[in-house]
Structures are given as C-alpha cells and as structure tokens.
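Single-letter residue listing:
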Amino acid sequence: MAGIKDLKALLSNIAPALDERNFVFCTFPEFDWNSMKHLNPTGFFQEKEGATFIITEQQAIDNNIKYESVYRLITLNVHSSLDAVGLTATFSAKLAEKEISANVVAAYYHDHIFVPEDKAELALAAIHELQK
C-alpha cells in the first residue's frame with residue numbers, strides 16, 4: 001500500500017500518539033555493533049562523527065550510557081509517503097509557534113517526532129490542532 005502524498009489528507013488523518021516511554025539520543029564515536037546490538041535501538045544513524053542510537057532512558061541508565069536530554073516520542077499514525085511534501089514543515093512550524101524543538105525521524109510508514117519530555121503534552125495538543 002502506497003503512502004499518502006496529499007497534505008490535506010495527511011493532516012486530516014494525522015492521528016498523533018504519545019509513547020509513554022522516555023527516550024535519549026546517545027553517540028558512540030567508535031562502536032562495535034556486536035557489542036551494542038543488545039540495546040535494540042528504536043533508531044540508529046551512522047554519521048561521520050560516530051553512531052547515534054535512540055534508546056529508552058532506562059536502557060541508558062541500565063547500561064551506564066551518557067546522555068544530555070530526555071525526549072518523548074509522538075508518532076503520526078497516518079501512512080505518509082516518503083515523497084509527501086509539506087507535512088514535516090507544517091508540524092514543525094506548529095511546534096515552533098509553541099517554542100518546542102522537534103527531532104524528526106521519517107520511517108517507511110510513519111513520521112516520528114521526539115520532543116522535550118517536559119513539553120510532550122503541549123506538543124501533542126499542538127499537533128492535534130492540525131487535524132482541524
């Protein structure tokens with residue numbers, strides 16, 4: 001099934017959901033996948049400076065991994081096309097109006113937005129405003 005490209009259809013079906021867990025972004029300048037795959041990261045990206053893992057705060061605590069900030073995850077439960085234009089810009093602008101930072105991961109089916117833990121409910125309400 002192909003994802004939705006039409007911005008109006010995406011916004012009317014955005015269906016944001018707030019994950020109950022806390023997440024952190026961790027970086028590892030040098031890492032061995034075999035020694036770290038037990039973390040089972042929610043997200044992973046290899047940058048030239050090192051690997052970034054998105055894991056739960058509890059995983060970081062349990063494994064003595066340093067992190068700077070704590071985030072909550074909002075998933076947009078509409079199947080957005082990777083070729084859709086304007087969705088990220090629209091919810092980013094709405095969150096910026098409320099002075100909420102957004103770290104966005106676009107996966108195959110959904111967009112995932114990591115927002116500061118203390119502003120998660122406000123961010124969820126702001127995204128709900130886009131459905132109207």
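Per chain, the residues get numbers from 1 upward, laid out in the order the sequence is written. For a predicted model such as this one, the threshold for reporting local features is a pLDDT of at least 70, and the threshold for listing and counting side-chain atom pairs is 80 or more; totals across whole chains, interfaces and linings nevertheless cover every residue. No hydrogens and no water enter the side-chain calculation; it runs on all heavy atoms of the structure.

## Overview of the packing of aromatic side chains
By convention here, two paired aromatic rings are described through the distance between centres and the angle between planes. Only the six-membered ring of Trp is used, alongside the rings of Phe and Tyr, when aromatic pairs are assigned; centres must lie within 6.5 Å, and planes under 30 degrees apart are stacked while those over 60 apart are edge-to-face, with the rest tilted. Under the defined criterion, the tally for this structure stands at six aromatic pairs. Note on Phe44 and Phe53: the rings are 5.3 Å apart at their centroids and 80° apart in plane angle, and the pair reads as edge-to-face. Aromatic ring contacts, followed pair by pair, group Phe23, Phe25, Tyr71 and Phe114 into a single cluster.

## Topic: the nonpolar core
In a soluble, globular protein the nonpolar side chains are often hidden away together inside. The set of buried Ala, Val, Leu, Ile, Met, Phe, Trp, Tyr and Cys residues whose side-chain atoms join them within 4.5 Å is what this entry labels a nonpolar core. Burial classes follow relative accessibility: with a 1.4 Å probe on protein chains only, a residue under 20% of its type's maximum area counts as buried, one over 50% as exposed, and anything between as partly exposed. With 18 residues, the main nonpolar core has Ile74, Leu76, Leu95, Ile113 and Val115 as its most contacted residues. Taken together, the elements giving at least two residues each to this core come down to α1 (7–12), β4 (71–76), α4 (87–97), β6 (111–116) and α5 (120–129). Here a strand is any run of E in DSSP of at least two residues, a helix any run of H or I of at least four, and the numbering for each starts at the N terminus. At five residues, the largest contribution of residues to this core is made by α5. The residues touching Ile74, leaving out its near neighbours within four places in the chain, are Pro16, Ala17, Leu18, Asp111, His112, Ile113, Val115, Ala120, Ala123, Leu124 and Ile127. If you look at the next biggest cluster of nonpolar residues, it comprises eleven residues, including Phe28, Leu39, Ala51 and Ile55. Contacts: residue pairs with any heavy atoms within 4.5 Å of one another.

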